[in-house]
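Examining the three-dimensional arrangement
Listed here are the chains, written in short residue letters.
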Amino acid sequence: PYLVRVLGPDKYGLVSFAQAFIGYFMILTDYGFNLSATREISINRDNREKVSEIFSSVMTIKAGLLILSFILMSIIVFSFGKFSRDWPIYYLTFGMVLGQVLFPVWFFQGMERMKYITVLNITAKLIFTVAIFVFVHSVNDFLYVPLLNTLGYLIAGILSLLLIFRDFDINFKSPSLADIKYHLKEGWNIFLSTIAVSLYTTSNTFILGLFTNNTIVGYYSGAEKLINAVTSLIAPINQTVYPYIANLINKSIKEGLSFARKLLIIMSSLFFIISLTCFFFAGDIVKIVLGEQYLYSVIILKIFSILPLLIVLSNVFGFHTMITMGYGKDFSKIFVKAGILSIVLAFIVIPFFKQNGAAVLRVFIEVMIVYYMIAFHNKKNTLKFILS
């Protein structure tokens, strides 16, 4: 809220546009390992030799993807005027990619040692938050935002590696070509689905910035930031539950789906109430959190209000069940179709309906994803185990 008010819609929109752009490289370096490597670590957690092999292979691949990302970003930034005139913000924001590569969340998830993720994330966010109040006092200080964000990511990443080598007896060793190929193959379908997800999440902000201006991006990003704050409550639940369900389904599909049903009932009930609250109190929320200059964000937040419930449904019907049951390819197909549809519609809808059109499009795509996931489970005769 402090940043939104101090920077105003224009500079906050520029910061958000830069984050949306750099978000593509974060997806590239993640390469689906947050799910595929988590599953591998979870299954082999008692075999330290195997865990070291997985860790070494995945980190090597991510380092290569980091170098590729930096080269691609540099080419794009200095090839187009829209990017080159603000080149410092893109390079400062790119530091988040390095920090994310250094922070192997997938390792801690697979080992089910979530306290490490909690402590390190709190440390990074605390450093960023305190530094924001110290260094950002006017709109002219906007470059400090990506710089401080990057420092938070880097500190968390470096500390995470020190903890891994100290507490988990992991030995880094040069991975074989066969190991690298294996992990690339394992993460491919999830990588495709992650790219597809970005096509209807991150890309909306990016395309909006291409067709409009920083101020309109600021209105959209302000509302998106609010709903993301709500949906971020889902992430720690997913991080905790996913390796448990993966292990459970590996032993018994029926037991795993039974647990998924309980998860669906509890989470959908909770986030249905949260969605209703966001809708009916959107005006008050925007006024209190974002300020009077973001009144155009109210209607966007109302449109977004159903997203928490839809995301819960897609999580349970999607990666909690489809991926853990070995249907990663079908899972990625759903998101690829949705992503392609979103991009096509975005170039039609956003130029005419701007921020409101982008918001409606985001919700429409989420609805389609949930529909196709439920249809898939119905076809595989697994829907009854989740719903009944």
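Report follows, based on the coordinates. Because the structure is a prediction, the values reported are computed rather than measured. (Residues numbered from 1 in each chain as written. Predicted model: local features only at pLDDT ≥ 70, side-chain atom pairs only at ≥ 80, totals over all residues. Heavy atoms only, no water.)

Regarding the nonpolar core
Across soluble globular proteins, you tend to see nonpolar side chains buried next to one another. One finds L7, F21, I22, Y90, V145, F304 and M373 to be the most contacted residues of the largest nonpolar core, which totals 94 residues. Take this core: its biggest share by element is 15 residues, from helix α18 (residues 328-379). Ranked by size, the runner-up nonpolar core spans 34 residues in total, among them F33, W106, A124 and L161. (Core = buried A, V, L, I, M, F, W, Y, C linked by side-chain atoms within 4.5 Å. Buried < 20%, exposed > 50% of the residue type's maximum accessible area, 1.4 Å probe, protein only. Helix = DSSP H or I, 4+ residues; strand = E, 2+ residues; numbered from the N terminus.)

Some points on the packing of helix α1 (residues 2-30) against helix α8 (residues 144-167)
α8 packs onto α1 with a crossing angle of 50° between their chain directions and a minimal axis gap of 10 Å. Overall, the two elements α1 and α8 adopt an arrangement that is oblique. Contact residues: α1 offers L3, L7, V15, Q19 and M26, while α8 offers V145, N149 and Y153. Here the contact of α1 with α8 is composed, by residue class, of 6 nonpolar, 2 polar and no charged. (Axes fitted to C-alpha atoms, helices over the stretch in contact; angles between N-to-C directions. Parallel < 35°, antiparallel > 145°, perpendicular 65-115°, else oblique. Contact = heavy atoms within 4.5 Å. Nonpolar A, V, L, I, M, F, W, Y, C, P; charged D, E, K, R; others polar.)

Comments concerning the pattern of salt bridges
Under the criterion given, the structure shown has 9 salt bridges. Between E49 and K173 there is a salt bridge, with its nearest N and O atoms 2.6 Å apart. Placement of the pair is E49 in helix α3 (residues 48-77) and K173 in the loop between α8 and α9 (177-200), with a sequence separation of 124 residues. Residue class for K173 comes out partly exposed when judged on its relative accessible area of 32%. Taken together, the shared-partner salt bridges connect E224, R362 and E366 into one network. (Salt bridge = Lys/Arg side-chain N within 4 Å of Asp/Glu carboxyl O.)

Notes on helix α5 (residues 87-102)
Its 16 residues place the ends of α5 24 Å apart at the C-alpha level, agreeing with the 22 Å of an ideal helix rising 1.5 Å per residue. Of all the positions in α5, only I89, Y90, T93, F94, G95, M96, V97, G99, Q100, V101 and L102 are classed as buried. Packing partners of the buried residues in α5 comprise α1, α3, α4 (81-84) and α8. (Expected span 1.5 Å × (residues − 1).)

Focus on the packing of aromatic side chains
As enumerated under the stated definition, the model contains 41 aromatic pairs in all. Between F21 and F25 the ring centres are 5.4 Å apart and the planes differ by 85°, which places this aromatic pair in the edge-to-face class. With F21 and F25 both in helix α1, this residue pair falls 4 residues apart, about one helical turn. The burial state of F21 is the same as that of F25; both residues are buried. Seen from their ring centres, F55 and F107 are 5.8 Å apart, and the 75° between their planes marks the pair as edge-to-face. Of the two residues, F55 sits in helix α3 while F107 sits in helix α6 (residues 105-110), which places them 52 residues apart along the sequence. (Phe/Tyr/Trp six-rings, centres within 6.5 Å; stacked < 30°, edge-to-face > 60°.)

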